[in-house]
Structures are given as structure tokens and as C-alpha cells.
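Analysis of the macromolecular model
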Amino acid sequence: MVSKGTRKENTKREAPGYGCLFPMQILLASAPFLIGVFEEYISSVVAVILLVFLFVTVLRNKRLVIKREPVIIAVSVIEVFFLLSPLWAVDKGMTLMGFVKFLPVLLFVMLLHQNDRFAPSSYLKFVPHSGIVMAALSFVLSRFPVLKDYFLVSGRLAGFFQYSNTFAVFLLLGIILLMFRKERRLFEYIGTLVLAEGIFLSGSRTVFILFMLVAVVFVIKEKSRIIKIVAAACVAIMLAGTFLYATLTGNYDVVGRYLTSSLSSSTFIGRFLYFRDAIPQILTHPLGFGYLGYRSVQGSFQSGVYSIVHIHNDLLQIMLDIGWIPAIVCLIAVIMRFKKGMKFTFGLALAVILLHCLFDFDLQFVSIDLILAVLLYENKNVSKELEINKMPALIASSVIVLWAFYLGMADMAASFGMDSTAVKIYPGYTDSWIVILQDSKDASEYDALGSRILSLNDSCSIAYSARARAAFSRGDLYSMMELKKKAISLNRYSLAEYLDYFDMLYYGASLFIQNADNGSAQICINEMLNIPVSLEEVRSSTSDLGWKIDDQPELDLPQEYLDIIGSLTGA
């Protein structure tokens, strides 16, 4: 018989974490519906929610605990480097949005540290349910014309992520968490079929391959012969059905897209083209380019036609954003987690995320990062804990989160087309300044707006081009030449830039000839004659991979421009 005093003592010992599990479960299950928490302003809102959770938990537990374990170290290093990145970033304004974006992950891991009475698997309880609801709901809502573009991308089901590949990974994680349970009911089997159908409708070839590997692992591990046979039969029926549908309709763009898997496909080769161009830059920029910095500089060295924000490899993306040190720390955290041993289900789910991250950018969706944090977190055998004075820590956390929320509101304004409001909230929001510049019809504003943008990002081709147009409008052709050549150097595959430069040079040469300034006219003519040479240099520097993707370089001047060059050279 347990005495009343003993019962009170046990209750007190179990208090830490009480009442916080369910809200965190709901957050993990609902976050994927918020565009996967891809947008920075959504991250800022989630950070505020997590701060409230942290406040409630810490005040209830009467302490703030930080465990010395790899995940918290990795996430903290990432956030510190994002916070410091304006010191070296290409885009000194937008790089802070990286800090805002991934702040929820740090807060979430801190919450895990306060709730050591709960096993990590407890947090993922509703994630499969979330995937089932999303798959079913997305399919139904995509039938409505007004919502079609939200849930379908190129005809492929993209769910609330609005990105088919990450949507498919999320569904596959749901299958793993359902089918590798010790006890399964009818719900798990029906739910798995719904999730599998969602994967087929997503048209994700890489996830399809991973799905087949997971199915093979399940059949090998499953003890029941009947379930083995039924599982294999279901997969075979799905394959046969999609093959028959694709063959009869000729539509290989969605459910039959896996049938077009090939090492020579444009999307597959494109990934390696991105890697080929990025790796030399990683080696020469150990601190990276800052968040969203790589998109500005890629035009100066890329060896094929593409324009990407994310490189489709999350490890390389970390290096491009904040350098080698955070990437190495993250790798160590993953290796240490595997070395310590983990549940087979967790290990398989973690392997799926990591493998897919080699060819996509799933970790740019913070909802996936939160799941990854749970998979990597181990609340046992932690040798040391730091117990921090709770009030100073909570005050500091509040200041940081509210500051991030402030920046997030600028991102929200920009996301809803209120760019003037965005730059009023946060004057460093480069993307909105670019939109304002592009919307401007007054050449007199180009120089001021272009200069403002270049003070934040000195690798912005659009800003140089705008300033060149302003210089041309006031008759300063020599400044125009300098600025336009800089714009072209940052956007080498843009034929429109070359043609715009040619037009201004032709007009300038005509004016100089009228004013009998033959020397200046000849300078313009020489620049015009050099444009085909520059285009040929770009053509020759295009890699073999660049010639194998669907987007091919357009580097030939229109005939009317060739005629002008011919008249200048007498050809």
C-alpha cells in the first residue's frame, strides 16, 4: 500500500513536462498544413507559439534545463551562424531571414529538454494521421478549379506543402510510423493505402524508389506470412494499375511518372549540374554566402541555364548558406545518433529523410525539421545537464522571438504583395526593394532604388541594370557601359541583357556620330562588336551537363542585330 506522502512525492517527481506533450503533438501534426512552415513569416508565428509553450513548461517545472547533446548543439550553431552572417553575406538584409526561418527548431529542441518524462516517439503520435488527412483532403480539394493551382503543381499532387517531393516524403514517413508499429489495426492498413496513393499521385520518382525500398524492408521484417503476401500483392496491384493507366492514357506525368525514371532525365541531370557549379564555390567560401545569397551570385559562374533558390541538396545548402562549420556539426550529430543506437522505426525514418535530402530541399520546410529533431533527439544517457536561471533565459528568449516576429511581419507583408509596407517594417528587405524597382516606371528612380539595393546586395544584376538605364537616360554612356557589363557578368545567360546593352550602345554610337565625336562612337561600336564574342565565351563555358537539360542556352543574336554588326564590319 502506498502512503499519501509517497504518492505526493511521486507526483512531484513526474511533474516536469506535464501538460506540454499534447500541444507539441498537435503542433507537429498541424505544422505541415502551414505550407510545411516554408515561409519565414509562418516560422515567426510558430516561434511565438513555441515560446508560449516554453514559458508554461519552464514556469511549471520551476527550472530551465539544457542538455549537452548533439541536436541542441547543431541547431544552436546553425542559428548563431545565421545571426552572424550579415558580416559576410552577399545579401546583408535577407540573410537574417534564415535566422527567423529556423528559430522554431531551436525552441522546439529546448522544449524537448524540459519534457524528459516523454519518449521521443510520443511526439510523433499524430504525424501519420496528419499525412492521411492531408492526402485525402488535398485530393478532394484539388478537384475544385478555384483550388486546383494550390494543391497541384504541374498536375502532380503537392498537398499543403505546395511542393510534390516534400509532400511525398511526409507521406512516406507516415507509412513508416504506421506499418512498423508492433500492434496494427485496420486503421493502420487503410491509412497506409491512402498514404501510398498520395505518393503515387505526387509523381515523385525519388520518393517512389524509397517507398519500394521501405516496402521490401517491411516484407523482410514482417513475421506474418499472410501480411507479407498481402503487402506484396497491394504493391504489385498499385504498380500494375499505374502502369496500365499510363500506358492506356499516354499520361506519364503523374501516377506513371516513375516509369520515366532515367539517369538521363533532365531533372536528374539538373541536380548534378547544380552540384557541379556549387561545390567549387563551397570550397572557396568556407563561411558561405548567407541565406538567399547563392541565388544572387550563381549567374556569374553557372555552366547551364537555370535559376534556383535552393540547390536540391540540404547538406550543400547549409554550406552555401552558412559554411563548413555548421554542416560538419550537423553531420557529427547525425553520426552520433546512429552510433548510440535507436529504434528501427526511427532509424528507417531518419534514413529516408537523409537520403531524400541528398537530392532535394526538404529541410527548408521547418515542419520536416521538427520531425527530424525528434528522430535525432535522445533523452537518455545524457551525461551532463545545464540548469539555467530561468527568468533571464526566458526574457532573452522573448526578446529574440519578438524580434524574429517583427522581421517575420515584413516577410508577411511582402508575401501578400505589400512591398512598400515590408520595407517600412524592415528596410533591409531586399526582395521588396527589387519588386518596387521593377514596378517603377520613372527612370529617375532607378538610380536611387538600384543604389539602395546594392547597399544591401552588391551582386544583384537587376540593380546594376536599373542603374545602367538611369545613366543612359541622363546621357552618361560611359557609366552605363560599366554598370551594364556588371549586370551581364552576374546574369550571363540572359540574352535580354545583351540585347538591351546592344540597343543602348547603338543609340549612343548614333548620337556620337551626329556630334562628330568619332572616338566615343568607336568605343560604342567596339563594345557592340564584343557582344557576340561574349556570347560565344558563355557558350564555350557551358558544361556538358548544361547541354543535357531541357532548358538550353539562347545565345544567338536575332538577325536584325547580326545585320547591324555586318554593316559595321563590312561583312
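Since the structure is predicted, the reported quantities are computational estimates derived from the model, not experimental observations.

What counts and how
Residues numbered from 1 in each chain as written. Predicted model: local features only at pLDDT ≥ 70, side-chain atom pairs only at ≥ 80, totals over all residues. Heavy atoms only, no water. Phe/Tyr/Trp six-rings, centres within 6.5 Å; stacked < 30°, edge-to-face > 60°. Buried < 20%, exposed > 50% of the residue type's maximum accessible area, 1.4 Å probe, protein only. Helix = DSSP H or I, 4+ residues; strand = E, 2+ residues; numbered from the N terminus. Lys NZ or Arg CZ within 6 Å of the ring centre and 35° of its normal. pLDDT = per-residue confidence, 0-100. Contact = heavy atoms within 4.5 Å. Core = buried A, V, L, I, M, F, W, Y, C linked by side-chain atoms within 4.5 Å. Axes fitted to C-alpha atoms, helices over the stretch in contact; angles between N-to-C directions. Parallel < 35°, antiparallel > 145°, perpendicular 65-115°, else oblique. Nonpolar A, V, L, I, M, F, W, Y, C, P; charged D, E, K, R; others polar. 1 Å grid on protein atoms, 1.4 Å probe; cavity = no way out; pocket = protein on both sides within 12 Å on 5 of 7 lines; lining within 4 Å. Points joined across faces, edges and corners; volume = space filled by probe spheres on them.

A few words now on the packing of aromatic side chains. Following the criterion strictly, the structure yields 30 aromatic pairs and no others. With 6.4 Å between their ring centres and 65° between their planes, Phe81 and Trp88 make a pair best called edge-to-face. For Trp88, a relative accessible area of 24% corresponds to the partly exposed category. For the ring pair Phe99 and Trp403, a centre distance of 5.7 Å and an interplane angle of 50° mean the geometry is tilted. One end of the pair, Phe99, is in helix H5 (residues 96-114); the other, Trp403, is in helix H19 (residues 390-415), and 304 residues separate them in sequence. When its relative accessible area of 31% is taken as the criterion, Trp403 is described as partly exposed. Here a set of aromatic residues connected by ring pairs shows up, and it is made of Phe38, Phe161, Tyr163, Phe170, Phe361 and Phe365. Directly above the ring of Phe38 sits Lys101, whose terminal nitrogen or CZ lies 4.1 Å from the centroid. Of note, Arg143 hangs over the ring of Phe139, and the distance from its end group to the ring centre comes to 4.8 Å.

Attention shifts here to the confidence of the model for the chain. Taken as a whole, the chain shows an average pLDDT of 90; of its residues, 94% reach a score of 70 or greater. Overall, residues 1-19 carries pLDDT values under 50, and its contacts beyond four positions in sequence, including any with other chains, amount to 14 contacts.

Ranked by internal contacts, the top residues of the largest apolar core, which has 143 residues, are Leu28, Phe108, Leu124 and Leu172. Here the element with the most residues in this core is H5; it accounts for 14 residues. Not counting the four nearest positions on each side in its chain, Leu28 is found in contact with Phe108, Tyr123, Leu124, Val127, Leu370, Ile371 and Val374. With 46 residues, the next largest nonpolar core counts Ile453, Leu477, Leu495 and Phe502 among its residues.

Where helix H4 (residues 70-84) meets helix H16 (residues 324-340), the closest approach of the two axes is 9 Å, and the angle between their N-to-C directions is 170°. Here H4 is positioned roughly antiparallel relative to H16, judged by the angle of their axes. Facing Pro70, Ile73, Ala74, Val77, Ile78 and Phe81 of H4, the residues of H16 in contact are Ile325, Pro326, Val329, Cys330, Ala333, Met336 and Lys340. Among the residues forming the contact of H4 with H16, the class breakdown is 12 nonpolar, no polar and 1 charged.

Once that is clear, we can look at the layout of surface pockets. Looking at the largest pocket, its volume works out to about 780 Å³. The wall of the largest pocket is formed by 32 residues, among which Arg205, Arg257, Thr267, Phe268 and Arg271 lie closest to the centre. Of all the elements in the fold, those that place two or more residues in the lining of the largest pocket are helix H9 (164-179), helix H11 (205-221) and helix H13 (266-284). In terms of residue count, the dominant contributor to the lining of the largest pocket is H13 (6 residues). By residue class, the composition of the lining of the largest pocket is 11 nonpolar, 14 polar and 7 charged.

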